[in-house]
Amino acid sequence: MTTNDALLRLRGTTLGAGSPSVCVPLVATTVGDAVDAAHALPTGVADVVELRLDHLTGAAADPALVGAAVAAVRAALPGEVPLLATFRSAREGGAQPADDAAYAAVVAAVVAGAGPDGADAVDVELATPDVADTVARARAAGLAVVVSHHDFVRTPPAADLVALLRRQRDVGADVCKVAVLPHDPDDVLALLTATREFARDADRPVVTVAMGALGLVTRLAGGVFGSAMTFGAVGTASAPGQVDAARLRDVLTLLHDAS
Ligand SMILES: O=C1C[C@@](O)(C(=O)O)C[C@@H](O)[C@@H]1O
């Protein structure tokens with residue numbers, strides 16, 4: 001991991017430079033299926049791959065399975081594509097329950113496997129107890145940390161979103177990330193306004209998403225406002241509103257070529 005102002009370099013991908021990076025989530029329920037999905041990724045579509053550990057059956061109760069899954073997917077990816085390991089908690093839209101201790105054990109398993117054969121980055125939710133300590137441990141192991149917050153119910157006002165992004169920065173995030181659910185176009189504007197306000201003088205990449213059909217414009221054009229990465233699906237989507245990664249890439253190229 002190399003950090004330079006608002007840029008973050010992970011293997012062959014630099015977050016925050018030019019067009020937003022495309023992150024493709026893998027949502028398999030077994031290690032074998034996750035590896036197959038990683039092998040099946042079309043060349044050049046994913047700048048980052050996110051392994052959604054909460055979709056892996058039994059992951060919350062089995063840190064060894066988490067370590068094995070991360071290592072197996074890492075080995076299946078091209079060397080230049082960084083791997084982000086994410087266990088999304090059920091309270092923030094994840095696929096399986098985990099109490100605080102189980103969540104901590106999953107993150108600890110990702111951290112224990114850090115290195116060339118492990119993940120490059122780990123997602124840590126801002127609501128995690130002792131979040132700053134968790135972030136510090138991951139960073140000490142050489143992982144980049146995405147500190148995240150997801151609201152699958154609503155979109156907080158722009159000022160509250162900026163405050164969340166600042167708290168993420170203050171607990172040591174390498175990347176600050178917020179995903180919200182908009183109910184009207186004003187919510188979409190609130191998300192974009194917060195993105196712009198935070199990104200204007202941020203010293204690290206920010207990633208923001210408005211989910212659902214209404215929020216799709218933020219997945220396509222969030223880069224204009226400072227969002228450094230956007231999530232696109234290859235096969236199964238991991239969140240509402242996620243579109244096919246190859247089509248997403250076409251739109252990003254169109255926007256980039258016009259600038
Ligand atoms: O947080 C995010 C963003 C996301 O929720 C989306 O809306 O695309 C998809 C998740 O896989 C990822 O962890």
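Residues numbered from 1 in each chain as written. Predicted model: local features only at pLDDT ≥ 70, side-chain atom pairs only at ≥ 80, totals over all residues.

### Details of the overall build of the protein chain
Okay, step 1: Scanning the protein chain from terminus to terminus reveals 8 helices and 11 strands.
Okay, step 2: Computed over C-alpha atoms, the radius of gyration of the protein chain comes to 17 Å, within 12% of the 18 Å expected from 2.2 N^0.38 for 259 residues, which places it in the range of a compact globule.
Okay, step 3: Counting only C-alpha atoms and orienting by the principal axes, one finds that the protein chain spans roughly 45 × 40 × 35 Å.
Okay, step 4: Taking all 259 residues of the protein chain together, the buried fraction comes to 49%.
Okay, step 5: By sequence separation, contacts in the protein chain at least 24 residues apart represent 70% of the contacts at least 6 residues apart. (Helix = DSSP H or I, 4+ residues; strand = E, 2+ residues; numbered from the N terminus. Rg over C-alpha atoms; globule rule 2.2 N^0.38 Å. Buried ≥ 20, exposed ≤ 12 C-beta atoms within 10 Å, placed from the backbone. Contact = placed C-beta atoms within 7 Å.)

### Some points on the pairing of strand β7 (residues 121-125)
Okay, step 1: With respect to burial, β7 is a largely interior element, 5 of its 5 residues being buried.
Okay, step 2: Burial along β7 is two-sided: the face carrying Ala121, Asp123 and Glu125 and the face carrying Val122 and Val124 are both buried.
Okay, step 3: Bridge count between strand β6 (residues 83-86) and β7: 2 bridges; the pairing is parallel. In the sheet register, leucine 84 faces β7, and the bridge partner there is alanine 121.
Okay, step 4: Chirality of the crossover, the property in question, places the unit of β6, helix α3 (residues 100-112) and β7 among those that are right-handed. (Pairing = 2+ DSSP bridges. Right-handed = clockwise from strand over helix to strand, strands pointing away.)

### Describing unusual backbone geometry
Okay, step 1: In this structure, arginine 11 is a non-glycine residue whose phi angle is positive, near 50°.
Okay, step 2: Assignment of secondary structure puts arginine 11 in the loop between β2 (7-10) and β3 (13-15).
Okay, step 3: Look at arginine 11 and you get partly exposed, because 17 C-beta atoms sit within 10 Å.
Okay, step 4: For aspartate 130, which is not glycine, the phi torsion reads 55° and is therefore positive.
Okay, step 5: Along the chain, aspartate 130 falls in the loop between β7 and α4 (131-140).
Okay, step 6: On the neighbour-count criterion, aspartate 130 (12 C-beta atoms within 10 Å) is exposed.

### Brief notes about the site of the ligand
Okay, step 1: Surveying the vicinity of the ligand reveals 14 residues, the closest of which are Pro25, Val209, Phe231, Ser238 and Ala239.
Okay, step 2: Of all elements in the fold, only β5 (48-52) and β8 (144-151) reach the threshold of two or more residues within the shell around the ligand.
Okay, step 3: Taken together, the residues of the shell around the ligand break down into 6 nonpolar, 5 polar and 3 charged. (Near = placed C-beta within 6 Å. Nonpolar A, V, L, I, M, F, W, Y, C, P; charged D, E, K, R; others polar.)

### A short note on the nonpolar core
Okay, step 1: Grouped together as the largest cluster of nonpolar side chains are 82 residues, with contacts concentrated most on Val106, Val122 and Val145.
Okay, step 2: Sort the elements by how many residues they give to this core and helix α6 (residues 185-200) lands first, with 7 residues.
Okay, step 3: Excluding residues within four positions of it along the chain, valine 122 makes contact with Ala85, Val107, Val110, Val111, Ala138, Leu143 and Val145. (Core = buried A, V, L, I, M, F, W, Y, C linked by C-beta atoms within 7 Å.)

### Some details on the sheet that holds β7
Okay, step 1: With parallel pairing, the 8 strands of this open sheet are ordered in space as β10-β9-β8-β7-β6-β5-β4-β11. Single-partner strands in this sheet number two, and they are β10 (206-210) and β11 (229-231). Strand-to-strand twist in this sheet, taken as the mean axis angle between neighbours without regard to direction, amounts to 25°.
Okay, step 2: Running over the sheet, helix α5 (residues 158-170) touches β8, β9 (175-180) and β10 and is turned about 145° from β9. (Axes fitted to C-alpha atoms, helices over the stretch in contact; angles between N-to-C directions.)

### Overview of the UniProt feature "active site" (unreviewed entry) in the protein chain
Okay, step 1: Sites flagged by UniProt as "active site" (unreviewed entry) map to His150 and Lys177. Annotated residues spanning 28 residues; largest pairwise C-alpha distance 8.5 Å, indicating a single compact cluster.
Okay, step 2: Position of histidine 150 relative to the elements: it lies in strand β8.
Okay, step 3: Contacts of histidine 150, omitting those with residues within four sequence positions, involve Glu92, Gly93 and Ala179.
Okay, step 4: As for its placement among the helices and strands, lysine 177 is situated in strand β9.
Okay, step 5: Apart from the residues within four sequence positions on either side, lysine 177 is in contact with Val146, Val147, Ser148 and Val207. (UniProt positions renumbered as here; feature names shortened; annotations may be inferred.)

### Looking at the environment of leucine 77
Okay, step 1: Examined against the element boundaries, leucine 77 turns out to sit in the loop between α2 (63-76) and β6.
Okay, step 2: C-alpha separation for the pair leucine 77 and valine 49, spaced 28 residues apart in sequence, amounts to 8.5 Å.
Okay, step 3: Every residue in contact with leucine 77, bar those within four places of it in the chain, is listed here: Ala38, Val49 and Leu83.

### A word on α3
Okay, step 1: Its 13 residues give α3 an end-to-end C-alpha distance of 18 Å, which sits within 8% of 18 Å, the value for a rise of 1.5 Å per residue.
Okay, step 2: When α3 is considered as a whole, its buried residues turn out to be Tyr103, Val106, Val107, Ala109, Val110 and Val111.
Okay, step 3: As for α3, its buried residues are in contact with α2, β6, β7 and α4. (Expected span 1.5 Å × (residues − 1).)

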